[in-house]
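Tertiary structure, described
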Amino acid sequence: MLNVAGELSGDSWGIFTFLCAALCNLPALPALNCSEELGAGQSIQKTYDLTRYLEHQLRTLAGTYLNYLGPPFNEPDFNPPRLARAERVPSATVDLDLWRGLTDNARLAANYRAYSRLLCYLRALDGQAGTAELRHRLGHFCSSLQGLVLSIAGVMSSLGYPLPAGPAAPPASPGTPVAPNDFLKKMDDFWLLKELQTWLWRSAKDFNRLKKKVPPAVVTLRLEARGF
């Protein structure tokens, strides 16, 4: 007699019955569970990409703003000394070996504090800009920089680091008067853009090194024992 699909011969029934009995009497086996942990690696990559975008964006903004300030600020070889007034702006001029010797947590915290303060100063520039085009460019850049601050906070959170304590905004400085003349005010603006450029350059290097430590996605295998 021919075996028709859907019918089992006597030998097939025997094998099938044996397998069912064997499976029913097996102890519960550990289940192999594959899960993909996403978070830190992707946050670092996103922050790195945003930093590089802001570097490019700042080059355009700085050129427009320095032309607005006029000479000598828009001259390529203009490199004035940093005045005491400019110390309010967080400086990125730290020895590179000393900076690299810090922990990842310390560097991330320094970046978070610096960009939070720089953002406050840039928003003040936005309110003082004399042309609609410049206000538009500053407003767009401030929005992007706000995104960078939030992105750094996301990286710190994904790595298990707490955000720096204290206010993000620069503290009031009653002992530091407003620039007494237009030239010193322009000097303040010049140093703000210069420090921001240096911070972004160094941050891009920081996040590039950090993303090599933490891969974008880590696949982990877990054995979940059930039934014991």
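Here, the structure is the one placed above.
This one's a predicted model, so the numbers in the text were calculated from it and none came from an experiment.

**Focus on the packing of helix 2 (residues 40–69) against helix 5 (residues 132–158)**
Two elements in contact, helix 2 and helix 5, have axes whose closest approach is 9 Å; the angle formed by their N-to-C orientations is 155°. Taken together, the axis directions place helix 2 and helix 5 in an arrangement best described as roughly antiparallel. At the point where helix 2 passes helix 5, the crossing takes the left-handed sense. Within the contact of helix 2 with helix 5, the residues separate by chemical class into 16 nonpolar, 12 polar and 2 charged.

**A look at unusual backbone geometry**
The step from proline 71 to proline 72 runs through a cis peptide bond, and the omega angle for that step is 5°. Here proline 72 lies in the loop between helix 2 and helix 3 (96–100).

**Remarks on helix 2**
With 30 residues, helix 2 extends 41 Å from end C-alpha to end C-alpha; this agrees with the ideal 44 Å at 1.5 Å per step. Glycine 70 sits one or two residues past helix 2 and shows a positive phi near 85°.

**Remarks on the layout of surface pockets**
Counted as a void, the second largest pocket has a volume near 280 Å³. Considering the residues around the second largest pocket, the lining is formed by 14 residues, among which Ala62, Leu66, Phe190, Lys194 and Gln197 are closest to the centre. Of all the secondary-structure elements, those providing two or more residues to the lining of the second largest pocket are helix 2 and helix 6 (182–213). Per-element accounting of the lining of the second largest pocket gives the leading share, 5 residues, to helix 2.

**Concerning the packing of helix 4 (residues 104–128) against helix 6**
Between helix 4 and helix 6, the least distance of the axes is 10 Å, while the angle of their chain directions is 145°. Like other packed secondary-structure pairs, helix 4 and helix 6 cross with a definite hand, here left-handed. Residues Asp104, Arg107, Leu108, Ala110, Asn111, Ala114, Tyr115, Leu118, Tyr121, Leu122, Leu125 and Gln128 of helix 4 touch helix 6, and the partners they reach there are Lys185, Asp189, Leu192, Leu193, Leu196, Trp199, Leu200, Ser203, Asp206, Phe207, Leu210 and Lys213. Broken down by class, the residue content of the contact of helix 4 with helix 6 amounts to 15 nonpolar, 3 polar and 6 charged.

**Comments concerning the side chain of arginine 202**
Along the polypeptide, arginine 202 turns up in helix 6. No salt bridge is formed by the buried arginine 202. Its closest oppositely charged neighbour is aspartate 206, at 4.8 Å. Residues within four places of arginine 202 in sequence aside, it is in contact with Ala92, Val94, Leu96 and Trp99.

**A short note on the nonpolar core**
Side chains of a nonpolar character, in soluble globular proteins, are inclined to be buried together. Counting residues in hydrophobic clusters, the biggest one holds 50 residues, and the most contacted among them are Tyr115, Leu122 and Phe141. Looking at this core, the elements that each hand over two or more residues are helix 2, helix 4, helix 5 and helix 6.

**Some points on helix 6**
Taking 1.5 Å of rise per residue, 32 residues should cover 46 Å, and helix 6 covers 47 Å from first to last C-alpha, within 8% of that figure. The N-cap residue of helix 6 is asparagine 181: its side-chain oxygen and the backbone nitrogen of phenylalanine 183 are 3.1 Å apart.

**As for the packing of aromatic side chains**
Counted according to the given criterion, the structure contains 8 aromatic pairs. With a centroid separation of 5.2 Å and 80° between ring planes, the pair formed by phenylalanine 73 and phenylalanine 78 is classed as edge-to-face. In this structure phenylalanine 78 comes out as buried when scored by relative accessible area, which is 18%. Pairing phenylalanine 73 with phenylalanine 190 gives two aromatic rings, centres 6.2 Å apart and planes at 50°, and the pair type is tilted. In this pair, phenylalanine 73 is assigned in the loop between helix 2 and helix 3 and phenylalanine 190 in helix 6, connecting sequence segments 117 residues apart. Each member of the pair, phenylalanine 73 as well as phenylalanine 190, is classed as buried. Positioned above the aromatic ring of tryptophan 99 is the side chain of arginine 202, whose terminal nitrogen or guanidinium carbon lies 3.6 Å from the ring centre. Sitting over the ring of tryptophan 199, arginine 202 keeps its end group 4.6 Å from the ring centre.

Thresholds, definitions, all that
- The residue numbers shown here count from 1 along each chain, following its written sequence.
- For this predicted model, a pLDDT threshold of at least 70 governs which residues receive local features, and a threshold of 80 or more governs which side-chain atom pairs are given and counted, while totals over whole chains, interfaces and linings are taken from all residues.
- Only hydrogens and water are set aside when side-chain values are computed; all heavy atoms of the structure are taken into account.
- For helices, the fitted line uses only the C-alpha atoms of the stretch in contact; every axis is such a line through C-alpha atoms, and the angle between N-to-C directions lies from 0 to 180 degrees.
- The helix and strand labels rest on DSSP assignments: H or I over at least four residues marks a helix, E over at least two residues marks a strand, and numbering proceeds from the N terminus.
- Angles below 35 degrees are treated as roughly parallel, those above 145 as roughly antiparallel, those between 65 and 115 as roughly perpendicular, and all remaining angles as oblique.
- Each crossing is labelled by how the near helix is turned from the far one, with a counterclockwise turn of less than a right angle marking it left-handed and a clockwise turn marking it right-handed.
- Amino acids are sorted into nonpolar (Ala, Val, Leu, Ile, Met, Phe, Trp, Tyr, Cys and Pro), charged (Asp, Glu, Lys and Arg) and polar (every other residue, Gly among them).
- Multiplying 1.5 Å by the residue count of a helix minus one yields the expected span of that helix.
- Cavity and pocket criteria rest on a 1 Å grid covering protein atoms alone: a 1.4 Å probe that fits but cannot get out defines a cavity, protein on both sides within 12 Å along at least 5 of 7 lines defines an open pocket, and an atom within 4 Å of a point defines a lining residue.
- Grid points are joined across faces, edges and corners, and a volume is the space filled by probe spheres set on the points.
- Note on contacts: a residue pair is in contact if any heavy atoms of the two residues lie within 4.5 Å.
- Summary of the burial criterion: residues with accessible area below 20% of their type's maximum are buried, those above 50% are exposed, and those between are partly exposed, where the area comes from a 1.4 Å probe applied to protein chains only.
- Only four residue types enter the charge count, namely Lys and Arg as positive and Asp and Glu as negative; His and the chain termini do not.
- Any Lys or Arg side-chain nitrogen located within 4 Å of an Asp or Glu carboxyl oxygen qualifies as a salt bridge.
- Buried residues of nine kinds, namely Ala, Val, Leu, Ile, Met, Phe, Trp, Tyr and Cys, make up a nonpolar core once their side-chain atoms join them within 4.5 Å.
- Any pair of nitrogen or oxygen atoms within 3.5 Å is treated as a polar contact; in protein, a donor-acceptor pairing is required on top of that, and neighbouring residues in sequence qualify only through side-chain atoms on both sides.
- Pairing of aromatic rings covers Phe, Tyr and Trp, the last counted by its six-membered ring, and requires centre-to-centre distances within 6.5 Å; plane angles under 30 degrees mean stacked, over 60 mean edge-to-face, and any other angle means tilted.
- Here, a charge over a ring means that NZ of Lys or CZ of Arg falls within 6 Å of the ring centre while also lying within 35 degrees of the ring normal.

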